[in-house]
Amino acid sequence: MEQNHMEMPKIAMGAWAWGNDGTFGNTLTEEELRPVFQTAMDQGLNLWDTAYVYGMGTSETVLGSFLKSIPRESYLVSTKFTPQCADPEVQNAVTAMYEGSAERLGTEFMDFYWIHNPVGAPKWITELIPLAKSGKIGKIGVSNHSLAEIKEAEAILEKEGLHISAVQNHYSLLNRSSETSGILDYCKEKGMVFFSYMVLEQGALSGKYDREHPFPEGSDRAKAYNPILGQLAELNAGLKEIADRHQVGIAQIPVAWAIAKGTLPIIGVTKVSHVEDAAKAAKIVLSADEIETMESLADKADINVIRMWEKEMK
């Protein structure tokens, strides 16, 4: 299949929670998610991000059940090779995982295909080369990579006439290490799209949660964020002031910030309202003063939100 040249939306729809892994503490059904998918497509938010590791195929299977019912040229899909899930008995694990994802998603072509993290690098980026040359990948991406690791992967690909087109890292008001490390500038210089994930810190920057209204117990989000909700109070109050000024919800402001910083945020969507908020966020124009205020308040909070599977980018 030829590369899909449709214009990308400003925001990607994330299906991480569609393969529930304990992060959100509940199980979502296809029936619940179908209106979420349809609303996104109706809003022109047709770039979908998933991975085999999200529920060990569950997220891809659910997303694929929706994608298979619409024309291939109407959407963009992004999925990943996760090194920790590679089958050691398979000669080419990257191709094997790709083919499994392709079957579940119902497509022979991935608009974006990622090496999910640098574990085992540069073995996996090298193993990706034949697959990329086969024409089954539109854009090669690397996720959770440091600047040095991105450059290493790029050098390997360049020898084969290929290149990295996208980088996907945790990037939010509370974690700007991909900015301070020079990754964002490098992406701009090289024409790579920077996908920012966890922009809302899984809801901690949505205005929905505080010390009086914590995350429901029993989820990884509760463990990670409930202890620091008090430290986020001033930042969330600042976000509310800016949101009120723009007549939008608090959750839309960190997303608008990520877009203003030149990134393409991935927003996890499990409800129709999440999609509607994302569509509104894409239209917000923040002032330089508003951006400075948000970043100052975030720095003042002085919180480390690097999760166990991540590292600070240096």
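Just so it is clear, the structure is predicted and the values come from calculations on it, not from any experiment.

(A) Spotlight on the overall build of the chain. Scanning the chain from N- to C-terminus turns up 12 helices and eight strands. Along the longest, intermediate and shortest principal axes, the C-alpha atoms of the chain span 50 × 45 × 35 Å. For the chain, buried positions account for 57% of its 314 residues. Carbon and sulfur atoms form 49% of the exposed surface of the chain, whose accessible area is close to 13,900 Å². Here the chain carries 29 positive and 43 negative side-chain charges, and the mean point of each set is 1 Å from the other.

(B) Region of interest: helix H12 (residues 288–301). Its 14 residues place the ends of H12 20 Å apart at the C-alpha level, agreeing with the 20 Å of an ideal helix rising 1.5 Å per residue. When H12 is considered as a whole, its buried residues turn out to be Glu 290, Ile 291, Met 294, Glu 295, Leu 297, Ala 298 and Ala 301. Take H12 and look down its axis: the buried residues cluster within an arc of 160°, on one side only. Exposed side of H12, more than 90 degrees from the buried face: Ala 288, Asp 289, Glu 292 and Lys 300 are the residues found there. Buried-residue contacts for H12 involve helix H9 (233–246) and helix H10 (252–260). At the exit of H12 stands Asp 302, carrying a positive phi of roughly 50°.

The rules behind the values
- Residues numbered from 1 in each chain as written.
- Predicted model: local features only at pLDDT ≥ 70, side-chain atom pairs only at ≥ 80, totals over all residues.
- Heavy atoms only, no water.
- Helix = DSSP H or I, 4+ residues; strand = E, 2+ residues; numbered from the N terminus.
- Buried < 20%, exposed > 50% of the residue type's maximum accessible area, 1.4 Å probe, protein only.
- Areas by Shrake-Rupley, 256 points an atom, 1.4 Å probe, with all protein chains shown as cover.
- Lys, Arg positive; Asp, Glu negative; His and termini not counted.
- Charge placed at Lys NZ, Arg CZ, Asp CG, Glu CD.
- Expected span 1.5 Å × (residues − 1).
- Arc of directions from axis to C-beta.
- Contact = heavy atoms within 4.5 Å.

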